[in-house]
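Coordinates in review
Below, each chain spelled out in residue letters.
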Amino acid sequence: MLGPTGHSDTFARDNLPHFADWPEIALDGFDYPDWLNAGVELTDRMVERGFGDYTALIGNGRRRTYKELADWTNRLAAALVDEYGVRPGHRVLIRSANNPAMVACWLAATKAGAVVVNTMPMLRAGELAKIVDKAQVSLALCDTRLMDELVTCAKDSRTLKTVVGFDGTANHDAELDRAALNKPVVFDAVRTGRDDVALLGFTSGTTGTPKATMHFHRDILIIADGYAREVLGVRPEDIFVGSPPLAFTFGLGGLAVFPLRFGASAVLLENASPPNLIEIIERYGATVCFTAPTAYRAMLRAMDEGADLTSLRAAVSAGETLPAPVYDEWIAKTGKPMLDGIGATEMLHIFISNRFDDHRPASTGRPVTGYEARIVGEDMAEVPRGEVGRLAVRGPTGCRYMADPRQKDYVRGGWNLTGDSFWQDEDGRFHFAARSDDMIVSSGYNIAGPEVEAALLAHEAVAECAVIGVPDGERGAIVEAHVVLADGHRPGEAMALTLQTFVKETIAPYKYPRSVKFAAALPKTQTGKIQRFRLRDG
């Protein structure tokens with residue numbers, strides 16, 4: 001049963017899935033009081049615990065201590081309530097790149113009892129409109145440098161009536177900042193329930209109507225008190241950096257929740273390109289990095305050219321399968337493992353991961369404490385070890401789509417089906433095969449694209465690659481590789497043949513790419529994930 005609610009606007013709780021469609025939620029070891037506000041826990045509570053003078057956020061040329069962050073967010077929260085009428089349970093959309101002001105707005109809205117919808121700056125008015133309509137957003141907070149698309153969205157919106165600008169730089173010179181200027185630094189945060197929805201995470205799906213995943217105040221703390229505590233062992237002297245947008249739960253956890261829960265610091269980059277990320281790691285002596293394998297490959301090349309990344313104690317890779325050659329080269333150059341893991345917006349963050357003392361190349365590791373996972377067939381029965389099947393997981397977080405019939409597709413028999421194909425070895429470690437819809441069936445053989453990609457990446461001529469299946473009249477489908485060559489290598493038939501032969505000698509010959517296409521770059525999301533669907537769509 002759900003605990004008490006502090007929401008006067010009951011929209012979020014009213015649109016939770018029917019209890020019969022929920023996954024099983026195991027909260028053993030995650031005990032929180034009935035009344036809990038995640039925004040308070042990550043700011044004011046940290047000041048009370050003695051972290052007031054510690055640096056919390058760094059970005060756009062300024063450092064913010066925990067005391068400054070608590071005061072700032074309290075002023076903003078007061079402005080949201082007093083000037084803009086935010087009431088507990090209202091949905092508040094935030095549009096910004098990664099910067100301290102976005103984190104402050106998120107925390108302030110959470111303190112005010114709002115249900116926050118973080119969105120990426122790359123979204124256009126039409127995409128924003130789908131989110132606004134589904135969540136029935138009435139108030140949006142936007143970095144003044146990114147107002148155009150949101151204002152366009154609001155013009156035709158039935159619900160979005162107010163768009164308020166905030167200063168994403170360090171100047172505090174925008175409408176919201178001015179409204180907060182004369183507010184007190186003490187704010188009586190809304191007494192929200194631990195089971196009140198605090199966050200709507202919209203999935204980064206490529207087609208169709210967006211799905212909103214519903215996460216409680218307790219969930220925001222669970223991902224820190226579980227994964228971040230157990231796997232990363234976060235300590236106050238840690239400095240976090242990374243590339244994923246705060247609008248994605250992967251980024252929000254890795255660049256805001258995790259450091260703030262343990263008195264650590266985060267350096268936020270609006271443009272987290274690999275060169276910028278490398279520069280920030282060197283300048284601040286960052287210790288924990290969250291990014292995708294493509295960025296780690298760039299870091300490896302930078303190390304060859306003299307970059308000093310020795311401050312990093314934890315390199316977390318997620319969002320895209322980690323090829324064994326990248327893992328192997330990283331550990332050879334740094335002496336430290338790369339922590340591959342898998343998470344999902346539906347689960348809020350990482351639920352299977354390698355550990356510092358338990359890691360293997362081409363392995364995603366073992367479940368985070370509190371979670372259990374298995375590999376199942378279509379009948380939900382567990383398949384034998386070594387056999388590829390569907391990944392099913394359950395634990396203290398789980399999928400709750402907002403008013404969406406697709407809940408029944410993601411949750412079956414109390415288990416979350418992530419849409420990934422995995423296999424489990426005899427030692428219990430989990431290994432990624434492919435997204436369930438990315439398995440290539442060629443002449444009756446099941447071929448996992450990431451395995452072919454890993455083989456290609458082991459060749460010195462390959463900088464990046466993506467493997468897809470393309471229709472073929474004779475074989476049903478064939479493996480097609482899209483390859484970005486490393487400097488000094490030339491595309492052409494000879495290179496294609498070289499790579500095909502190399503793959504045949506590295507993995508089973510039937511898996512080799514019968515088609516090789518060379519490209520200057522691969523299409524990617526803002527988080528660095530390769531968009532294979534764009535390659536398939538031509």
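Summarised in this report is the structure supplied together with it. Quick caveat: nothing in here was measured; it's all calculated off a predicted structure.

1. Overview of the overall build of the chain
- Per the secondary structure count, the chain includes 17 helices and 25 strands.
- The C-alpha atoms of the chain give 23 Å as radius of gyration, which agrees with the globular expectation for 538 residues (24 Å, within 12%).
- Classification of the 538 residues of the chain by burial places 60% in the buried group.
- The long-range share in the chain, meaning contacts at least 24 apart out of those at least 6 apart in sequence, stands at 68%.
- Per element, the accessible surface of the chain, about 21100 Å² overall, is 48% carbon and sulfur.
- With 58 positive and 70 negative side-chain charges, the chain shows a spacing of 2 Å between the two charge centroids.

2. Looking at the sheet that holds strand β11 (residues 288-291)
- Reading across from one edge, β2-β1-β10-β9-β11-β12-β13-β14-β15 is the order of the 9 strands in this open sheet, with mixed pairing throughout. Of all the strands in the sheet, just β2 (62-65) and β15 (366-367) have a single pairing partner and so form its edges.
- With 4 bridges connecting them, β11 and strand β12 (residues 314-317) associate as parallel partners. Within β12, the position partnered with Thr291 by the bridge is Ser317.
- Those strands touched by helix α10 (residues 249-261) are β1 (55-59), β9 (239-242), β10 (265-267), β11 and β14 (350-353), and its axis lies near 170 degrees from that of β9.

3. Quick word on the packing of aromatic side chains
- All told, the structure shown has 12 aromatic pairs when counted by the stated rule.
- Arranged with centres 5.0 Å apart and planes meeting at 70 degrees, the rings of Phe51 and Tyr54 form a pair that is edge-to-face.
- Judged by relative accessible area, which is 12%, Phe51 ranks as buried.
- For the ring pair Phe240 and Phe290, a centre distance of 6.3 Å and an interplane angle of 15 degrees mean the geometry is stacked. Here Phe240, found in strand β9, pairs with Phe290, found in strand β11; they are 50 residues apart in sequence, far enough to count as distant.
- Under the relative-accessibility criterion, Phe290 is labelled buried at 0%.
- Through a chain of ring-to-ring contacts, three or more aromatic side chains come together here, namely Tyr227, Phe240, Phe250, Phe258 and Phe290.
- Directly above the aromatic system of Trp72 lies the positively charged group of Arg64, at a separation of 4.2 Å from the ring centroid.
- A cation over an aromatic ring shows up here: Arg400 above the ring of Trp22, its NZ or CZ 5.1 Å from the ring centre.

4. Quick word on the nonpolar core
- Judged by nonpolar contacts, the single largest core of 91 residues is most densely connected at Trp106, Leu141, Leu232 and Phe258.
- The residues contacting Leu232, other than those within four sequence positions of it, are Tyr227, Phe240, Phe258, Val288, Phe290, Arg313, Ala314, Val316, Leu339 and Phe356.
- In this structure, Ala12, Leu150, Phe202 and Met214 belong to the second largest nonpolar core, which totals 31 residues.

5. Focus on the sheet that holds strand β23 (residues 462-472)
- In spatial order, the strands read β23-β24-β25; together these 3 strands make up an open sheet with mixed pairing. Where the open sheet ends on each side, the last strands, each with one partner, are β23 and β25 (515-518). Strand-to-strand twist across the sheet, computed as the mean angle between neighbouring axes with direction ignored, equals 25 degrees.
- Bridging between strand β24 (residues 476-485) and β25 involves 4 bridges; their strand directions are parallel. Bridge assignment links Val483 to a residue of β25, and that residue is Phe518.
- Where helix α16 (residues 493-506) meets the sheet, its contacts fall on β23, β24 and β25, and the angle it forms with β25 comes to roughly 130 degrees.

6. Brief notes about the pattern of salt bridges
- According to the stated counting rule, one finds 39 salt bridges in the structure shown.
- Residues joined in a network through salt bridges with shared partners are Glu41, Arg45, Glu48, Asp225, Arg229 and Arg261.

7. Quick word on helix α6 (residues 125-135)
- Those residues of α6 that sit buried are Ala125, Leu128, Ile131, Val132 and Ala135. Projected onto a plane normal to the axis of α6, the buried residues spread over an arc of 120 degrees and lie on a single side.
- Of the surrounding secondary structure, the elements contacted by the buried residues of α6 are α1 (11-14), β3 (91-95), β4 (115-119), α7 (147-155) and β7 (197-202).
- Gln136 occupies a position one or two residues after α6 and carries a positive phi of about 50 degrees.

8. Examining the side chain of Asp167
- Locating Asp167 in the fold gives a position in the loop between β6 (162-166) and α8 (175-181).
- Despite its burial, Asp167 pairs with no opposite charge; the closest candidate is Arg145, at 5.7 Å N-O.
- A polar atom in the side chain of Asp167 sits 3.3 Å from the backbone nitrogen of His172.
- Within the structure, Asp167 has its side chain in polar contact with the backbone nitrogen of Asp173 (distance 3.0 Å).
- Setting aside residues no more than four positions away along its own chain, Asp167 makes contact with Ala101, Thr144, His172, Asp173, Ala174 and Asp177.

9. With respect to the environment of Thr5
- Along the chain, Thr5 turns up in the segment before α1.
- Sequence-wise, Thr5 and Arg49 are 44 residues apart; in three dimensions their C-alpha atoms are separated by 27 Å.
- Apart from the residues within four sequence positions on either side, Thr5 is in contact with Arg13, Trp35 and Asp196.
- A polar atom in the side chain of Thr5 sits 3.0 Å from the backbone nitrogen of His7.
- Side-chain polar atoms of Thr5 contact the side chain of Asp196, separated by 2.5 Å.

10. Here we look at the pairing of β9
- Alternating residues of β9 divide into Ile239 and Val241 and Phe240 and Gly242, and every residue in both groups is buried.
- Relative to β10, β9 runs parallel, the two sharing 2 bridges. By the bridge assignment for β10, Phe240 is matched with Ala266.
- Between the parallel elements β9 and β10, the chain passes through α10 in a crossover that is right-handed.

What counts, and where the lines are drawn
- Per chain, residues are indexed from 1 in the order of the written sequence.
- The predicted origin of the model limits local features to residues at a pLDDT of at least 70 and limits the giving and counting of side-chain atom pairs to 80 or more, whereas totals for whole chains, interfaces and linings rest on all residues.
- The basis for every side-chain value is the complete set of non-hydrogen atoms in the structure, without hydrogens or water.
- Only runs of H or I of at least four residues qualify as helices and only runs of E of at least two qualify as strands under DSSP, and these elements are numbered from the N terminus.
- Radius of gyration: C-alpha atoms only; globule rule: 2.2 Å multiplied by the number of residues to the exponent 0.38.
- Residue burial is assigned from relative accessible area. The probe radius is 1.4 Å, only protein chains are included, and a residue is buried under 20% of its type maximum, exposed over 50%, and partly exposed in between.
- Contact between two residues is taken to exist if any of their heavy atoms lie within 4.5 Å; hydrogens are not considered.
- Working definition of accessibility: Shrake-Rupley area with a 1.4 Å probe, residue cover restricted to the visible protein chains.
- For this count, His and the chain ends are skipped, Lys and Arg are scored as positive, and Asp and Glu as negative.
- We put the charge of a Lys on NZ, of an Arg on CZ, of an Asp on CG and of a Glu on CD.
- For two strands to be treated as a pair, DSSP must find at least two bridges joining them.
- In this analysis an axis means a line fitted to C-alpha atoms, helices contributing only their contacting stretch, and an angle means the value between N-to-C directions, from 0 to 180 degrees.
- Each Phe, Tyr or Trp ring (for Trp, its six-membered ring) is paired with any other whose centre lies within 6.5 Å, and the angle between the two planes then decides the class: stacked below 30 degrees, edge-to-face above 60, tilted in between.
- Remark: a charge is flagged as sitting over a ring if the NZ atom of Lys or the CZ atom of Arg is within 6 Å of the ring centre and within 35 degrees of the ring normal.
- Residues enter a nonpolar core if they are buried and are Ala, Val, Leu, Ile, Met, Phe, Trp, Tyr or Cys, with the set joined through side-chain atoms within 4.5 Å.
- By definition here, a salt bridge exists when the distance from a side-chain nitrogen of Lys or Arg to a carboxyl oxygen of Asp or Glu is within 4 Å.
- Directions are taken from the helix axis to each C-beta atom, and the arc is the one they span.
- Here a polar contact is recorded for every N or O atom pair within 3.5 Å, except that within protein the pair must consist of a potential hydrogen donor and a potential acceptor, and residues adjacent in sequence are included only if both atoms are side-chain atoms.
- Throughout, right-handed denotes a crossover for which the path from the first strand over the helix to the second runs clockwise when the strands point away from the viewer.

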